[in-house]
2 protein chains.
Amino acid sequence: MDLPVDADRLRDDIEATAAFGDVDAAAGRGRTVLAGTEANRRAREYLVDRLDAAGLDVTVDAVGNVAGRWVPEGADSEAAPVAAGSHLDSVPEGGIFDGPLGVYAALEAVRAMRDAGVTPDRPVVVVSFTEEEGQRFADGLLGSSVAVGERTVDEALALEDDDGVTLGEALESIGFRGEGRLDASGWDAFYELHIEQDTALEAAGVPVGVVTTITGITHLDVEIRGEANHAGATHMHDRTDALAAAAELVLDVEAAATDVVDTTSDSAVGTVGSLDVSPNATNVVPGRVEAGVDVRDAEYGSMEAIVDAVRDALARLEDERGVDTACSRPFDLAPTPMAERLREAAHRAGEAAGLETMDLHSGAAHDTMHVASVTDASLLFAPSRDGISHNPREWTDWDDCADATRVLAGALAETAGAE
Amino acid sequence: MDLPVDADRLRDDIEATAAFGDVDAAAGRGRTVLAGTEANRRAREYLVDRLDAAGLDVTVDAVGNVAGRWVPEGADSEAAPVAAGSHLDSVPEGGIFDGPLGVYAALEAVRAMRDAGVTPDRPVVVVSFTEEEGQRFADGLLGSSVAVGERTVDEALALEDDDGVTLGEALESIGFRGEGRLDASGWDAFYELHIEQDTALEAAGVPVGVVTTITGITHLDVEIRGEANHAGATHMHDRTDALAAAAELVLDVEAAATDVVDTTSDSAVGTVGSLDVSPNATNVVPGRVEAGVDVRDAEYGSMEAIVDAVRDALARLEDERGVDTACSRPFDLAPTPMAERLREAAHRAGEAAGLETMDLHSGAAHDTMHVASVTDASLLFAPSRDGISHNPREWTDWDDCADATRVLAGALAETAGAE
């Protein structure tokens, strides 16, 4: 099914959202919108206004997930709805498309159906999940973890940020601690449109991607303990420098992931994204380092190979440098296949709209990973210029946003039973 | 000259000071006393009380340097005084002896002279310099830089911490922004007693060290700029990871310093003590790293060899990894020889007290480095257990504190003209 969308209306919503938490950037347009902050409140309030304006019934659940429900004329209001959405939060100094595109594309799809007089059989729900990026309270995909029952509401509300503020307190402070629990298992299907954050679409010159598999993702929290000591008075041969050991780990992770890419699985990645040094003073030999390691692939086996390399590196560093190490795995999701019936609906919608679509995999985690554990789920991609994301230089052309939204709208309408 | 000192009185002062800014530590006793903080105010007020109680005239200069002046009976109050002291600030989670020992040893030396009825010809000044450790406003040796005229009062007061608070504002807020400028060039001589922060005295079983040369010290501020990007969606071969580049730098600094130690100069050290990663999120390829590098030796040539290795590493990283780099040198002090007449006085005082003394060099920077540029200066060391410092496990036995203070008192009295 093909549904024309209003490209300007979509753009206006994304640009309005870009202003909340906007940051000065040398190039591009950036924003910092952590869950439960003032910028997040403004982004959420704007969404609620737009859902209201489009005639959707808005609910906010206990963990701040926002849903706007549309029951088309003549539809069975008791039928399992078809949902679509994404998230409004960002990484620190992130881009303006990662998240908001998927939320406002879903809303635009509903508006497009209403404007076209399309009345599907099932209700349609537009969703914005709380803290997809995992920058403040959890490791990522927080709101969707509750919506699929992987985490209870109480567990989620008790999560604390680095200052000891709980998610519950933060949501309360911005007026978005609602009632009940958004339950994704009650949905007939779920679609998420997102930017690709990689270059496959750009390289192929194709405007819309249909994801076959979302890569698995593991986070490792590594601690390396050496001995803090005076940088001037401690002989080079008498040191247990936690940062020098951590430097070896950083390079070992890079080498292990590159080796997997060059031999086994091209899509594997391994990253030390965060490193915190104590006491972090120029004139003190570092005594302790905490490192956050991110490992992903479409194949669980190659993820394990990189995790094993981290463990081997830590064992070697204990032996060779005399440091103590600890490694925990707070986050581990296996690769997730997308539902074939929804993928096919997306390809059909592209064909109906005269827009080329292609299969690809997703290297990034998305809330759709969680939703896929309880119902049929599909992830669509719009092209990312140069593949850049989590950066103010993240960019997707407005025409590409509109084209991908048109495919989303067509697939959503077909899946919801429009004729 | 030998002067008995009151070991308990000395210990009481150091223990009282240890309570200000004290931190929980798994082992040992730690404190965090940054310049201009509440903990620093309390340490300063306690010192002023103790100087008052001992009958010294207390002055606080415009940058917060505290001086207590004693004019012995019959002394020429116009004669150039002999000064002694150290500092009260600490690194974050530092030890309780680094600094306070030298301040209270100087005061104890004056009290010992008074108790013994020793009346030297020259006034004696007990000094506590502002921010020796350089953890908040400057790179180190802040108060002494003003006392020797290397930095003007106005320049020092305008220095800002990371939150934009100036030294002037911070001193004002704790009531220690005084008047005028403590002028070290007017002193006949200066002594500083400090903990060794290394293992030479412990290894030799000698209670007091007499420093021949204080090593030179260079700080480099390095910035490495790569490209922040999504850790899941960015192919291993498409990354410009600033942290991976910084990891190479950390290991190159370690290797270069170790190479100098093994071939040219055993006392050389090179340390990357601080590393700040942006955006420092587990799921983002690091886009920028700032590193603080500390390089020291008793030979300036070997310091230059390590600095050159840093510059070579950065050029290579630009070539091989495509990062941009910048390197500045905000702090550079050549190695400083100590005054021979004061060193000899210290050895004589040890002999008179029946305490063995030995020559050694100092790997750590001290305010004495600055003072030596305007008058005769001497640095004495007490043993550090296991050489540990800038750490709550820093320890010097109370007997060793007293013995070193006795040598300081004897040397100070002789230099001030006591008979």
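Up top is the structure these notes are about.
**A word on the overall build of chain A**
The helix and strand inventory of chain A stands at 12 helices and 17 strands. Within chain A, contacts between residues at least 6 apart in sequence are counted, and of these 79% link residues at least 24 apart. Split by element, the accessible area of chain A, about 14200 Å² in all, is 40% carbon and sulfur.

**A word on the interface of chain B and chain A**
Contacts between the two partners involve 63 residues from chain B and, on the opposite side, 63 residues from chain A. Regarding the contact of chain B and chain A, the summed buried area is about 5200 Å², with carbon and sulfur atoms giving 53% of it. Sorting the residues of chain B by area buried against chain A places B:His230, B:Met236 and B:Thr282 first, and these three jointly supply 13% of that buried surface. Our enumeration of links across chain B and chain A arrives at four salt bridges. A:Arg393 serves as the salt-bridge partner of B:Glu227, at 2.2 Å between the closest nitrogen and oxygen. Run the count over chain B and chain A and you get 22 residue pairs in polar contact (both at pLDDT 80 or more). For the side of chain B that touches chain A, the secondary-structure elements that each account for two or more residues are strand 10 (229–230), helix 8 (242–263), strand 11 (269–278), strand 12 (284–285) and strand 13 (288–297) of chain B. Top contributing element to the side of chain B that touches chain A by residue count: helix 8 of chain B, with 11 residues. For the side of chain B that touches chain A, the class distribution of residues is 26 nonpolar, 23 polar and 14 charged.

**As for the pairing of strand 7 (residues 189–195) of chain A**
Residue and element names in this part refer to chain A. A large share of strand 7 lies buried, amounting to seven of its seven residues. Alternating positions in strand 7 separate into two faces, Ala-189, Tyr-191, Leu-193 and Ile-195 on one and Phe-190, Glu-192 and His-194 on the other, with burial throughout. Pairing geometry for strand 5 (residues 82–87) and strand 7, over three bridges, is parallel. Each residue of the ladder has a partner; that of Ala-84, found in strand 7, is Tyr-191. As judged from the seven bridges shared by strand 7 and strand 17 (residues 376–382), these two strands associate in the parallel manner. Paired with Ala-189 across the strands is Asp-376, a residue of strand 17.

**Structural notes on the relation of the copies chain B and chain A**
The operation linking the two copies of the chain is a rotation about an axis combined with a translation along the axis. Superposing chain B onto chain A takes a rotation of 180° combined with a translation of 0.1 Å along the rotation axis, leaving an RMSD of 0.1 Å. Both chain copies can therefore be described as sitting about a two-fold axis. Looking at the rotation axis and the C-alpha trace of chain B, the residue lying nearest is B:Ala247, at 2.1 Å. Comparing interface residues between copies, 100% of those in chain B also lie at the interface in chain A; the contact surface is shared.

**Here's the deal with the pattern of salt bridges**
Residues and elements named next belong to chain A. Enumeration according to the criterion identifies 64 salt bridges over all chains in this entry. With a shortest N-O distance of 3.6 Å, Arg-316 and Glu-320 are connected by a salt bridge. With a gap of four residues between them, Arg-316 and Glu-320 both fall in helix 9 (residues 300–321), about one helical turn apart. Note on Arg-316: relative accessible area 27%, which makes it partly exposed. Here Glu-320 falls in the exposed class, since its relative accessible area comes to 58%.

**Some words on the packing of helix 8 (residues 242–263) of chain A against helix 8 of chain B**
Two elements in contact, helix 8 of chain A and helix 8 of chain B, have axes separated by 8 Å at closest approach and are oriented at 135°. As summarised for this structure, helix 8 of chain A and helix 8 of chain B are arranged oblique, according to the angle between their axes. Taken as a pair, helix 8 of chain A and helix 8 of chain B cross one another with a handedness that is left-handed. Here helix 8 of chain A contributes A:Leu243, A:Ala244, A:Ala247, A:Glu248, A:Val250, A:Leu251 and A:Glu254 to the contact with helix 8 of chain B, which in turn contributes B:Leu243, B:Ala244, B:Ala247, B:Glu248, B:Val250, B:Leu251 and B:Glu254.

**A few points about the sheet that holds strand 13 of chain B**
Strands belonging to one sheet form pairs held by backbone hydrogen bonds; the direction of such a pair is parallel or antiparallel. Residue and element names in this part refer to chain B. Pairing in this open sheet of four strands is antiparallel, and the strands run 11-13-9-14 from one edge to the other. The strands lining the two open edges of the sheet, one partner per strand, are strand 11 and strand 14 (324–333). Recorded for the sheet is a direction-independent mean angle of 15° between the axes of neighbouring strands. One ladder, built from 10 bridges, connects strand 9 (residues 216–225) with strand 13; its direction is antiparallel. Looking at strand 13, one finds that His-219 is bridged to Asp-294. Strand contacts of helix 8: strand 9, strand 11 and strand 13, with the helix running at about 170° to strand 11, the strand carrying the most contacts.

**Here's the deal with the sheet that holds strand 14 (residues 324–333) of chain A**
Residues and elements named next belong to chain A. With antiparallel pairing, the four strands of this open sheet are ordered in space as 11-13-9-14. Edge strands, defined here as strands with exactly one partner in the open sheet, are strand 11 (269–278) and strand 14. Direction aside, neighbouring strands of the sheet carry axes that sit 15° apart on average. Here strand 9 (residues 216–225) runs beside strand 14; their pairing, made up of eight bridges, is antiparallel.

**A short note on the side chain of B:Arg9**
Position of B:Arg9 among the secondary structure elements: in helix 1 (residues 7–18). Within the structure, B:Arg9 has its side chain in polar contact with the side chain of B:Glu108 (distance 2.9 Å).

**Structural notes on the packing of aromatic side chains**
Residues and elements named next belong to chain A. Taken as a whole and judged by the stated rule, the model has 16 aromatic pairs over all chains. Ring plane angle 85° and centroid distance 5.7 Å describe the contact between Trp-395 and Trp-398, whose orientation is recorded as edge-to-face. A residue is classified by how much of its surface remains accessible, and Trp-395, at 18% relative accessible area, is buried. Given a relative accessible area of 15%, Trp-398 falls into the buried group. Cluster of aromatic residues (ring-pair linked, three or more members): Phe-20, Tyr-46 and Tyr-104.

**Topic: the pairing of strand 17 (residues 376–382) of chain B**
Residues and elements named next belong to chain B. The buried count for strand 17 comes to six of seven residues, which makes it a mostly enclosed element. Bridge count for strand 8 (residues 208–214) against strand 17 is two bridges, and the pairing is antiparallel. Within the sheet, the bridge partner assigned to Val-210 lies in strand 17 and is Leu-380.

**Quick word on the environment of A:Asp403**
Residue and element names in this part refer to chain A. When you line up the elements, Asp-403 lands in helix 12 (residues 398–415). In this structure Asp-403 comes out as partly exposed when scored by relative accessible area, which is 21%. Placed 48 residues apart in sequence, Asp-403 and Leu-355 show a C-alpha to C-alpha distance of 7.4 Å.

**Some details on a negative patch on the surface**
A cluster of acidic residues, A:Asp162, A:Asp163, A:Asp276, B:Asp162, B:Asp163 and B:Asp276, forms a negative patch on the protein surface. Along the chain, B:Asp162 falls in the loop between helix 5 (153–157) and helix 6 (167–174).

**Quick look at the nonpolar core**
One finds B:Leu56, B:Phe97, B:Tyr104, B:Met113, B:Tyr191 and B:Leu412 to be the most contacted residues of the largest nonpolar core, which totals 77 residues. Counting 74 residues, the second-largest nonpolar core is a separate cluster that includes A:Ala84, A:Leu101, A:Leu193 and A:Ala339.

**Points about the environment of A:Val66**
Residue and element names in this part refer to chain A. Topologically, Val-66 is positioned in strand 4 (residues 66–70). Val-66 gets classed as buried once you look at its relative accessible area, which sits at 2%. Taking C-alpha positions, Val-66 is 8.1 Å from Arg-44, a pair spaced 22 residues apart along the chain.

**A short note on the environment of A:Asp8**
Assignment of secondary structure puts A:Asp8 in helix 1 (residues 7–18). Distance from A:Asp8 to A:Asp399, taken between C-alpha atoms, is 9.8 Å for residues 391 residues apart in sequence.

Conventions and cut-offs
Residues numbered from 1 in each chain as written. Chains lettered and ligands numbered in written order. Predicted model: local features only at pLDDT ≥ 70, side-chain atom pairs only at ≥ 80, totals over all residues. Heavy atoms only, no water. Helix = DSSP H or I, 4+ residues; strand = E, 2+ residues; numbered from the N terminus. Contact = heavy atoms within 4.5 Å. Areas by Shrake-Rupley, 256 points an atom, 1.4 Å probe, with all protein chains shown as cover. Buried area = accessible area lost by both parts, 1.4 Å probe. Salt bridge = Lys/Arg side-chain N within 4 Å of Asp/Glu carboxyl O. Polar contact = N/O pair within 3.5 Å; in protein donor to acceptor, adjacent residues only side chain to side chain. Nonpolar A, V, L, I, M, F, W, Y, C, P; charged D, E, K, R; others polar. Buried < 20%, exposed > 50% of the residue type's maximum accessible area, 1.4 Å probe, protein only. Pairing = 2+ DSSP bridges. Least-squares fit on C-alpha atoms with pLDDT ≥ 70 in both. Axes fitted to C-alpha atoms, helices over the stretch in contact; angles between N-to-C directions. Parallel < 35°, antiparallel > 145°, perpendicular 65-115°, else oblique. Left-handed = near helix turned anticlockwise from the far one by under 90°. Phe/Tyr/Trp six-rings, centres within 6.5 Å; stacked < 30°, edge-to-face > 60°. Patch = residues over 30% accessible without salt bridge, like charges linked within 9 Å, V, L, I, M, F, W, Y side chains within 5 Å. Lys, Arg positive; Asp, Glu negative; His and termini not counted. Charge placed at Lys NZ, Arg CZ, Asp CG, Glu CD. Core = buried A, V, L, I, M, F, W, Y, C linked by side-chain atoms within 4.5 Å.

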